[in-house]
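# Structural description and commentary
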Amino acid sequence: MIPRDVAIAVMIALAALALLAMLVAWRRRLRRDAGLAAPLGVPEHAEVLDRHEVLYVSTTKHDQPLERLAMSPLAYRARGEVAVTDRGLALCLDGAPTVFLAKERLAGVDRATVTIDRVVEPGGLVRVAWNAADDTVVDSYLRLTDGDPKNFISELQRLVPASGAGDDIATTDTGEQP
């Protein structure tokens, strides 16, 4: 029989080891994704077409909703506001600079149900696919907290270029791929 003090010490050591492993893994992910950054700032005189309160959930590799990217300043979940403008999408998250995705960067928009750390009702998330770098398309997931996302999705779809990197991305509001 193992003494109680030894068992407690082993459990504390295992917990500390698990926390250390999580810290090392997150720091490695930060280094891996250091070359990716979201564009910051909103252009002057951008006309706001639609605005919503959101929960920003995550940014992942394109079509890999379980592979989080630690992209600055989109590495962590946050509350905020999203605005569709005539020039693109502005994402104002609490405690972070405003991310602006110019319409030229947008590759597609649709609904989703699953992403890393979050499963919701069918179509409960809005997935915005955009070009983070020349050949890198990523997906950012938002959950609107102030109503039905249909209007938001339709306004955003108007900005998505008709050709380019987003041709293979579904732009439906059902969450189903063709």
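Preceding this section is the structure that the text describes.
Notes on the structure in this doc start here.

What counts as what
Residues numbered from 1 in each chain as written. Predicted model: local features only at pLDDT ≥ 70, side-chain atom pairs only at ≥ 80, totals over all residues. Heavy atoms only, no water. Buried < 20%, exposed > 50% of the residue type's maximum accessible area, 1.4 Å probe, protein only. Helix = DSSP H or I, 4+ residues; strand = E, 2+ residues; numbered from the N terminus. Pairing = 2+ DSSP bridges. Phe/Tyr/Trp six-rings, centres within 6.5 Å; stacked < 30°, edge-to-face > 60°. 1 Å grid on protein atoms, 1.4 Å probe; cavity = no way out; pocket = protein on both sides within 12 Å on 5 of 7 lines; lining within 4 Å. Points joined across faces, edges and corners; volume = space filled by probe spheres on them. Nonpolar A, V, L, I, M, F, W, Y, C, P; charged D, E, K, R; others polar. Salt bridge = Lys/Arg side-chain N within 4 Å of Asp/Glu carboxyl O.

On to the pairing of strand β6 (residues 106-112). The element β6 is extensively covered by neighbouring structure, given that 7 of its 7 residues are classed as buried. The pairing of β6 with strand β9 (residues 125-133) spans 6 bridges and is classified as antiparallel. Opposite D110, over in β9, you have R127 as the bridge partner.

Here we take up the packing of aromatic side chains. Inspection of every chain in the model, using the stated rule, returns 1 aromatic pair. Between the aromatic rings of W26 and Y76, the centroid separation amounts to 5.6 Å while the plane-to-plane angle is 40°, which identifies the pairing as tilted. Here the residue W26 occupies a position in helix α1 (residues 4-32), and Y76 occupies one in the loop between β2 (64-68) and β3 (78-85), the gap between them amounting to 50 residues.

The next thing to look at is empty space enclosed by the protein. Here the structure, examined in full by the defined rule, presents 1 cavity of 30 Å³ or more. Here the largest cavity defines a volume of roughly 40 Å³. Forming the walls of the largest cavity are L89, L91, L101, V128, S140 and L142. Split by residue class, the lining of the largest cavity holds 5 nonpolar, 1 polar and no charged.

One pass over the full model with this rule turns up 9 salt bridges. The residue R51 makes a salt bridge to E81 at a minimum N-O spacing of 3.1 Å. Of this pair, R51 sits in strand β1 (residues 48-61) while E81 sits in strand β3; the two residues are 30 residues apart in sequence, bridging distant segments of the chain. Judged by its relative accessible area of 43%, R51 falls in the partly exposed class. For E81, a relative accessible area of 22% gives the class partly exposed. Across the pair R143 and E121 runs a salt bridge, and its minimum N-O distance is 3.2 Å. Here E121 lies in the loop between β8 (118-119) and β9 and R143 lies in strand β10 (residues 136-144), a separation of 22 residues in the sequence. Look at the salt bridges and you will find they share partners, linking R29, R32, D33 and E67 into a network.

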